[in-house]
Amino acid sequence: GEDVEQSLFLSVREGDSSVINCTYTDSSSTYLYWYKQEPGAGLQLLTYIFSNMDMKQDQRLTVLLNKKDKHLSLRIADTQTGDSAIYFCAESKNRDDKIIFGKGTRLHILP
Amino acid sequence: NAGVTQTPKFQVLKTGQSMTLQCAQDMNHNSMYWYRQDPGMGLRLIYYSASEGTTDKGEVPNGYNVSRLNKREFSLRLESAAPSQTSVYFCASMPPGTGDFPLHFGNGTRLTVT
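What counts, and where the lines are drawn
Residues numbered from 1 in each chain as written. Chains lettered and ligands numbered in written order. Predicted model: local features only at pLDDT ≥ 70, side-chain atom pairs only at ≥ 80, totals over all residues. Heavy atoms only, no water. Helix = DSSP H or I, 4+ residues; strand = E, 2+ residues; numbered from the N terminus. Rg over C-alpha atoms; globule rule 2.2 N^0.38 Å. Contact = heavy atoms within 4.5 Å. Lys, Arg positive; Asp, Glu negative; His and termini not counted. Charge placed at Lys NZ, Arg CZ, Asp CG, Glu CD. Phe/Tyr/Trp six-rings, centres within 6.5 Å; stacked < 30°, edge-to-face > 60°. Buried < 20%, exposed > 50% of the residue type's maximum accessible area, 1.4 Å probe, protein only. Lys NZ or Arg CZ within 6 Å of the ring centre and 35° of its normal.

J.: Where do I start with the overall build of chain B in this structure?
T.: Helix and strand counts for chain B come out as 0 helices and 11 strands. Each helix (α) and strand (β) of chain B, taken in turn from the N terminus, gives the series β-β-β-β-β-β-β-β-β-β-β. Whereas a compact globule of 114 residues would reach a radius of gyration of roughly 13 Å, chain B reaches 13 Å, a difference of no more than 12%. With respect to the three principal axes, the spread of C-alpha positions in chain B is 45 × 30 × 25 Å. Intrachain contacts of chain B at a sequence separation of at least 6 include 54% that bridge at least 24 residues. Each charge class in chain B can be summarised by its mean position, and for the 10 positive and 8 negative side chains these summaries are 8 Å apart.

J.: For this particular structure, what's the right way to read the packing of aromatic side chains?
T.: Note on aromatic pairs: each is described by the distance of the centres and the angle between the planes. Going through the model one piece at a time under the given rule, you end up with 13 aromatic pairs over all chains. Taken together, a centroid distance of 5.1 Å and an interplanar angle of 90° make the contact between F101 of chain A and Y35 of chain B edge-to-face. Here Y35 of chain B lies in strand 4 (residues 31-38) and F101 of chain A lies in strand 10 (residues 100-101), a pairing that spans two chains. Taking the relative accessible area as the measure of exposure, F101 of chain A reaches 5% and is therefore buried. Note on Y33 of chain B and Y48 of chain B: the rings are 6.1 Å apart at their centroids and 10° apart in plane angle, and the pair reads as stacked. Note that Y33 of chain B is positioned in strand 4 and Y48 of chain B in strand 5 (residues 42-49), a separation of 15 residues in sequence. Y48 of chain B matches Y33 of chain B in its accessibility class, with the two residues each being buried. Taking the ring centre of Y48 of chain A as reference, the NZ or CZ of K56 of chain A above it sits at 3.7 Å.

The structure is reproduced here in structure tokens:
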């Protein structure tokens, strides 16, 4: 079955890098996503990676994929107070297929 | 262009009452989804619809029904509400094609069942 696991909380000092980790069980997952949810709002796509890629960088965001270990990570460089949110890892087999989300990691920024 | 619109924003029901959560998107998207979000549980897929006229069960479909009325609208119905259905419900849609494919979310419906 499909399952996506991530730790529930992460605290990081402002200016440091944040690394949020995720593991998934379905080896046929083709699309892997990171979504951000700010308080009282819906989710917004931050970035995504295809399963045939190892890394994707987008400004302060770096996504690393270890397909052998089914491990995905999101690194946020120079973490700012505006990065405080819940970050969801998600996966799907096909583009229009159902998308399965993890429980979300709440990122707390320390001054 | 309003994106994904959910109504109502808030609702309180008594156990056993029924209601329909409405969702509409004006972006000509094919795929639409209903999720529920509970503390410590993340988002769980209730039902989804890959195209007009088709619906499929997600992870937690029991106690819910859906209707894909047309391409724009995807409604979620609770026939006999239970306290376990107290949650925040999110509707989402996905654009067609092979380009960028962010899942567009509505702002949610907060439902309390007493």
